[in-house]
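# Tertiary structure, described
The lines below spell out each chain.
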Number of protein chains: 2
Amino acid sequence: MAPPGRTARRRGAERKPREKRWSELVKVATQVFYEKGYEAASLQDIADRLGMLKGSLYYYIQTKEDLLYEVINGVHQGGLRNLKTLMSKDAGALERLREVVIGHVEYECENLVSTTVFLHELDALPPERRQEIVGEDHAYRGLLTELIEDGQAEGVIKEDVSPKLAALWILGSANWLYRWYVPGGEFTAREIGEQFADWVVRALAA
Amino acid sequence: MAPPGRTARRRGAERKPREKRWSELVKVATQVFYEKGYEAASLQDIADRLGMLKGSLYYYIQTKEDLLYEVINGVHQGGLRNLKTLMSKDAGALERLREVVIGHVEYECENLVSTTVFLHELDALPPERRQEIVGEDHAYRGLLTELIEDGQAEGVIKEDVSPKLAALWILGSANWLYRWYVPGGEFTAREIGEQFADWVVRALAA
């Protein structure tokens with residue numbers, strides 16, 4: 001057995017290129033799943049794009065599904081951190097709702113390729129891995145539901161609004177962006193976000 | 001050559017079972033595409049489900065894509081007829097907008113399986129067949145845009161609303177239903193439709 005110090009140094013020396021390779025792999029997998037769809041994409045496609053042998057991929061993953069899990073988990077976690085930051089601002093519920101809608105639309109537009117893979121291919125994961133990522137109650141929906149309840153407690157959101165249905169309504173129009181948003185097109189992400197936020201606040205405000 | 005009368009009679013006799021078989025084929029294809037996803041589904045799966053030989057399918061279609069085209073075209077045409085009927089009612093623009101949102105949500109929930117194939121698999125069709133179905137300017141979006149413009153002309157919808165962006169916003173939350181609506185679940189199609197319609201009208205009304 002090598003002395004602990006030496007093992008540690010060796011691991012340290014290996015870590016960087018391996019991590020770099022891994023993040024390249026996830027990035028390329030995202031792009032390939034986006035272009036071909038998860039079902040049609042093969043590990044061979046991904047290896048070819050990376051200039052690697054297909055066999056070398058098994059150093060990082062066991063199956064194509066492992067890669068889909070990584071892609072979806074990554075963009076979902078990023079979106080969740082973004083939502084939590086926006087929600088925890090020191091402001092009233094309506095102001096926070098506005099910020100959340102704008103920020104969520106912007107996050108989605110800025111991460112269009114990975115968001116598309118997330119939203120379009122989530123159901124390709126088996127239920128237990130899907131649940132591991134989004135949780136029992138769908139993390140985004142849960143956060144928005146909470147925010148709308150906060151607004152009702154403050155008296156600034158209408159009493160007769162179902163927080164869960166309103167959360168699904170807001171997320172639906174934001175999620176659907178991945179099907180029509182064109183970077184550099186007719187509307188900027190900011191314009192879309194601000195317009196959606198205005199309409200949502202107007203619809204739900206007491 | 002057989003006399004015209006006889007040919008006509010023969011055709012008449014054949015037509016019914018062939019049309020019946022064809023509509024069964026489209027129905028089964030819809031279900032198989034829904035369950036397995038278009039890419040993963042095979043003509044063999046569809047033939048097995050129908051108790052037919054795969055070769056017999058070629059009497060009706062040339063490729064799996066022909067079946068996807070039929071499924072998507074059918075549900076899209078139905079949805080369009082529905083929207084046009086709702087839009088042409090003799091009422092003001094806001095009232096018609098309300099009816100359109102409710103009726104569109106209900107149509108989607110009542111045709112959940114075929115709507116799912118339409119919304120999830122549209123991009124699996126080549127651009128020219130996609131365009132043949134939804135048209136240059138996406139038929140649903142075009143109709144909603146028109147209705148919002150009518151409302152602006154009547155002075156009942158805010159001037160600063162972009163009709164196209166509002167149409168995309170409304171359709172997004174309705175389309176997303178296919179990902180979360182559960183028949184017999186927490187909300188009925190009617191409840192969802194009425195709630196969405198209230199929010200949309202409140203958001204856009206002058």
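Just so it is clear, the model here is predicted, and its values are computed rather than measured.

At the interface, 34 residues of chain B touch 34 residues of chain A. Note on chain B versus chain A: buried area summed over both sides is about 3200 Å², and carbon and sulfur give 64% of it. Applying the counting rule to chain B against chain A returns 2 salt bridges. In this structure, the salt-bridge partner of Glu186(B) is Lys164(A), at a minimum N-O distance of 2.5 Å. Seen at the junction of chain B and chain A, the total is 10 residue pairs in polar contact (both at pLDDT 80 or more). Contributing elements (two or more residues each) for the side of chain B that touches chain A: α6 (112-121), α9 (163-175) and α10 (189-204) of chain B.

When their charged atoms lie close together, side chains carrying opposite charge are able to pair. Taken as a whole and judged by the stated rule, the model has 26 salt bridges over all chains. With its nearest N and O atoms 3.0 Å apart, the salt bridge here joins Glu35(B) to Arg49(B). Of this pair, Glu35(B) sits in helix α1 (residues 4-36) while Arg49(B) sits in helix α2 (residues 43-50); the two residues are 14 residues apart in sequence, bridging distant segments of the chain. A residue is classified by how much of its surface remains accessible, and Glu35(B), at 45% relative accessible area, is partly exposed. The class for Arg49(B) is partly exposed, based on a relative accessible area of 43%. Between Asp66(B) and Arg129(B) there is a salt bridge; the shortest N-O distance is 3.0 Å. One end of the pair, Asp66(B), is in helix α4 (residues 64-87); the other, Arg129(B), is in helix α7 (residues 127-134), with 63 residues separating them in the sequence. Side by side, Asp66(B) and Arg129(B) carry an identical accessibility label, which is buried. Within this structure, Glu65(A), Asp66(A) and Arg129(A) form a network of salt bridges that share partners.

With an RMSD of 0.0 Å, the fit of chain B onto chain A corresponds to turning through 180 degrees and sliding 0.0 Å along the axis. Between the two chains, the operation in question is that of a two-fold axis. When you check the interface residues of chain B against chain A, 100% turn up at the interface there too, and the contact is symmetric in its surfaces.

Moving on, we get to the nonpolar core. In globular proteins that are soluble, nonpolar side chains generally tend to be buried together. Grouped together as the largest cluster of nonpolar side chains are 142 residues, with contacts concentrated most on Leu204(A) and Leu204(B). What Leu204(A) contacts, discounting residues up to four positions off in sequence, is Leu97(A), Val156(A), Ile157(A), Lys158(A), Val161(A), Ala166(A), Trp169(A), Ile170(A), Trp199(B) and Arg202(B).

With that settled, the discussion passes to the confidence of the model for chain A. The predicted coordinates of low-pLDDT regions are not to be read in fine detail. All names here are of chain A. Across chain A, the average pLDDT comes to 90, with 91% of residues at 70 or higher. Per-element confidence in chain A is highest for helix α10 (residues 189-204), whose mean pLDDT is 98, and lowest for helix α1 (residues 4-36), whose mean pLDDT is 74. Scored below 50 in pLDDT, residues 1-13 shows 1 contact in the model against residues more than four places distant or in partner chains. The ipTM for the predicted assembly is 0.87, set against a pTM of 0.87.

Here is what the cut-offs are and how they apply
- Residues numbered from 1 in each chain as written.
- Chains lettered and ligands numbered in written order.
- Predicted model: local features only at pLDDT ≥ 70, side-chain atom pairs only at ≥ 80, totals over all residues.
- Heavy atoms only, no water.
- Contact = heavy atoms within 4.5 Å.
- Buried area = accessible area lost by both parts, 1.4 Å probe.
- Salt bridge = Lys/Arg side-chain N within 4 Å of Asp/Glu carboxyl O.
- Polar contact = N/O pair within 3.5 Å; in protein donor to acceptor, adjacent residues only side chain to side chain.
- Helix = DSSP H or I, 4+ residues; strand = E, 2+ residues; numbered from the N terminus.
- Buried < 20%, exposed > 50% of the residue type's maximum accessible area, 1.4 Å probe, protein only.
- Least-squares fit on C-alpha atoms with pLDDT ≥ 70 in both.
- Core = buried A, V, L, I, M, F, W, Y, C linked by side-chain atoms within 4.5 Å.
- pLDDT = per-residue confidence, 0-100.

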